[in-house]
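# Observations on the three-dimensional arrangement
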Amino acid sequence: MVDIADLDEKEAVLEDFQEVAEILPEFVRDRVAAAKNDLKALKGINESQRSRIEACVYNLYLAKGWKDWHPVNEWGIDNSGFFHLYSMRTFMGARLHAVDPITRGLPKSNHSLADRSRYSQNGGKGRGELSINFLGYPDLSDVRLTIACDYLFPANGFLRAYKPMSPGKYGQKGISAYSFPILNGDDGNARYGWTPGFDPTPETDVDLLEGLIIEENMKIK
């Protein structure tokens, strides 16, 4: 465990999220493929209706898969039926949503007050500002990540995690304290965790953590 005095918030988030990032791209691809097959077999709806429910069905399949297989022991899932993860160490939360269909990046919040509040977070804490929870890990209980998934990106899917700072608006680039890509190639040269990859919406102009403008290029062992 790294000394908490040597970590800022984004670094602590990256460390805790590492195990999820290692398996998430492949997990998403597998569950989405299963959902697509089942949707194709669904009778009684047309293609237009099918396309409207796709993202919701994908999310439900992801949630059920995580609950059934629990691929990362230290990350649980709530009982909402949707893909809402939480860390059992730092108490950080992470929810997966489809990207904004226009910006292909951070989607806006839902209309509920709870979701708008979840999006309205402060900027990241710097070194020396984190506290320890009763388990001995950095307390990230006030961090709520949004994992944006672009289901239209060829085969792999594209995932990027954000810490949003405002509810945002449809079709407009959202504001986040920081973000990082999650990409795992299936081209024979597997890339795990945070790699530069394809980035349709670079967030360097809204990253509020000084010195963290350049994205991480971490290899997960």
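Here is a short report on the structure shown in this document. Quick caveat: nothing in here was measured; it's all calculated off a predicted structure. Within each chain, residues carry numbers counting from 1 in the order of the written sequence. At least 70 in pLDDT is required for a residue's local features to be given in this predicted model, at least 80 for side-chain atom pairs to be given and counted, and no such filter applies to totals for whole chains, interfaces and linings, which use all residues. No hydrogens and no water enter the side-chain calculation; it runs on all heavy atoms of the structure.

## Brief notes about the overall build of the protein
Note on conventions: DSSP H or I runs of at least 4 residues are helices, E runs of at least 2 residues are strands, and numbering of each starts at the N terminus. When helices and strands are tallied, the protein shows three helices and six strands. Seen in sequence order, the protein has helices and strands lined up from the N terminus as α-α-β-β-β-α-β-β-β. Accessible area is worked out with a 1.4 Å probe on protein chains only. A residue is then buried under 20% of its type maximum, exposed over 50%, and partly exposed in between. Burial status across the protein gives 46% buried among its 221 residues. Excluding contacts between residues fewer than 6 apart, the proportion of contacts in the protein whose partners are at least 24 apart in sequence is 62%. Here the open area of atoms and residues is found with the Shrake-Rupley method and a 1.4 Å probe, where only the protein chains shown may cover a residue. Accessible surface, the protein as shown: approximately 11100 Å² in total, 53% of it carbon and sulfur. Whether two residues are in contact is decided by their heavy atoms, any of which lying within 4.5 Å being enough.

## Remarks on the pairing of strand β6 (residues 176-182)
Burial analysis of β6 places seven of its seven residues in the buried class, which makes it a mostly covered element. Paired strands, in this sense, are two strands between which DSSP finds at least two bridges. Where strand β5 (residues 158-164) lies against β6, six bridges are found, and the strand directions are antiparallel. For Pro164, the partnering residue across the bridge sits in β6 and is Ser176.

## A look at the nonpolar core
Phe17, Leu24, Trp66, Trp75, Phe83, Leu96 and Leu145 are the most contacted members of the largest nonpolar core, which totals 40 residues. Counting residues per element, the ones that place at least two in this core are α1 (9-41), α2 (47-69), β1 (75-77), β3 (93-98), β4 (144-150), β5 and β6. The leading source of residues in this core is α1, at twelve residues. Sequence-distant contacts of Trp75, that is, excluding residues within four places in its chain, are made with Asp16, Phe17, Val20, Trp66, His70, Leu85, Tyr86, Ser87, Met88, Arg89, Met92 and Ala94. Put simply, buried Ala, Val, Leu, Ile, Met, Phe, Trp, Tyr and Cys residues joined by side-chain atoms within 4.5 Å make one nonpolar core. Val99, Leu106, Tyr119 and Ala148 belong to the second-largest nonpolar core, a separate cluster that totals five residues.

## Let's talk about the packing of aromatic side chains
Note on ring pairs: Phe, Tyr and Trp rings are taken, using the six-membered ring of Trp, and paired if centres are within 6.5 Å. Classes follow the plane angle, with under 30 degrees stacked, over 60 edge-to-face and the rest tilted. Going through the model one piece at a time under the given rule, you end up with seven aromatic pairs. Note on Phe17 and Trp75: the rings are 5.7 Å apart at their centroids and 85 degrees apart in plane angle, and the pair reads as edge-to-face. Placement of the pair is Phe17 in helix α1 and Trp75 in strand β1, with a sequence separation of 58 residues. Geometrically, the ring pair formed by Phe91 and Phe134 is stacked, given 5.8 Å between the ring centres and 25 degrees between the ring planes. Of this pair, Phe91 sits in the loop between β2 (84-87) and β3 while Phe134 is found in the loop between α3 (113-119) and β4, placing the two residues 43 residues apart along the sequence.

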